[in-house]
Amino acid sequence: GKKVRIHHLRELKERGEPWPMLTAYDMYTAELFDEAGIPVLLVGDSAANNVFGYDTSLPVTVEELLPLVRGVTRAVRRALVVADLPFGSYQLSPEQALATSVRFMKEGRAHAVKLEGGSRFAPHVEAITGAGVPVMGHIGFTPQSEHNLGGYRVQGRGAAGEELLADALALQAAGAFAVVMEMVPAEVAKRITGELRIPTVGIGAGPDCDAQVLVWQDMAGLRRGRAPRFVRRYADVAGVLSAAATAFADEVRRGEFPAPEHAFQ
Ligand code: KIV
Ligand code: NA
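Rules used in this analysis
- Residues numbered from 1 in each chain as written.
- Chains lettered and ligands numbered in written order.
- Predicted model: local features only at pLDDT ≥ 70, side-chain atom pairs only at ≥ 80, totals over all residues.
- Near = placed C-beta within 6 Å.
- Nonpolar A, V, L, I, M, F, W, Y, C, P; charged D, E, K, R; others polar.
- Domains from an automatic or database assignment.
- Contact = placed C-beta atoms within 7 Å.
- UniProt positions renumbered as here; feature names shortened; annotations may be inferred.
- Helix = DSSP H or I, 4+ residues; strand = E, 2+ residues; numbered from the N terminus.

Q: Would you mind showing me how to read the site of ligand 1 here?
A: As a matter of local geometry, ligand 1 sits amid Thr23, Leu42, Gly44, Asp45, Ser46, Asp84, His138, Val180, Ile203, Val213 and Val215. Grouping the constituent residues of the shell around ligand 1 by class yields 5 nonpolar, 4 polar and 2 charged.

Written out as structure tokens, the structure reads:
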């Protein structure tokens with residue numbers, strides 16, 4: 001298959017064809033999702049929660065994320081791989097944002113980067129895209145700012161909807177190729193999607209975004225417990241893995257594994 005390019009995503013928007021995006025943090029999932037026809041894979045800083053076991057996305061570092069990005073980019077044939085810039089690796093200046101992006105492109109072999117923030121980050125987006133690196137924006141609820149936003153809450157209600165539109169337009173003007181909108185009222189997301197030339201990617205932003213993204217462990221039911229409202233579980237991977245581990249343990253304890261065919265004579 002042909003490599004997914006950012007102009008293909010723009011063409012899908014123009015044709016009104018919604019497209020899917022998933023996170024991936026390793027080789028096997030990246031390979032499976034690529035073969036399943038997911039055009040864009042995000043190595044999210046949500047690896048903080050879903051790989052490293054932190055309780056927020058704030059502690060995860062560039063050094064922790066880079067090897068995950070390398071694993072994902074090595075595994076895909078078609079998918080566009082977006083590397084999330086972690087907290088503290090781009091906010092200080094446009095120069096820092098560019099320097100960190102260069103590391104994800106050179107050392108991680110990513111195809112694009114993503115950062116959180118609206119108009120205030122337009123100069124950062126401009127610096128990165130100016131160097132030839134595609135940037136995906138991320139507005140609405142931005143997990144790296146959870147302490148300032150007062151926890152996981154819907155953003156852009158009422159008058160804040162206009163600010164969100166201004167943020168999205170500023171990112172587009174700065175050269176972003178797409179914008180994630182997280183936990184935004186469906187009507188606001190629909191309006192912004194209509195105003196932008198570049199695709200919007202929704203998560204908890206209703207059905208009218210140009211694309212939809214989910215964290216794969218949420219989508220496939222590996223993460224247990226109560227999922228956010230915007231998640232649909234398409235499988236019970238936790239159940240499958242748990243049953244496999246239990247069956248293996250039982251067979252070892254009963255002396256049923258390994259069988260003769262697993263042994264070398
Ligand atoms: O890190 C992440 O998983 C994300 C997506 C939810 C958009 O930023
Ligand atoms: Na993220």
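On we go.
Q: Would you explain the domain arrangement of the chain in this entry?
A: One frequent convention defines the size of an interface as the accessible area lost when the parts assemble. When the domains of the chain are assigned, the result is domain 1 (6–234) and domain 2 (235–265). When each unit is reduced to the centre of its C-alpha atoms, the spacing between domain 1 and domain 2 is 38 Å. Contacts between the two partners involve 6 residues from domain 1 and, on the opposite side, 4 residues from domain 2. Partitioning the side of domain 1 that touches domain 2 into residue classes produces 3 nonpolar, 1 polar and 2 charged.

Q: What am I meant to see in the UniProt feature "binding site: Mg(2+)" (unreviewed entry) in the chain here?
A: According to UniProt, the feature "binding site: Mg(2+)" (unreviewed entry) maps to Asp45, Asp84 and Glu116 in the numbering used here. Spanning 72 residues, the named residues nonetheless gather at one spot, since no C-alpha pair among them exceeds 10.6 Å. By secondary structure assignment, the location of Asp45 is in the loop between β2 (40–43) and α3 (47–50). Ignoring anything within four residues of it in the chain, the contact list for Asp45 reads Ser57, Val60, Leu65, Asp84 and Pro86. Topologically, Asp84 is positioned in strand β3 (residues 80–84).

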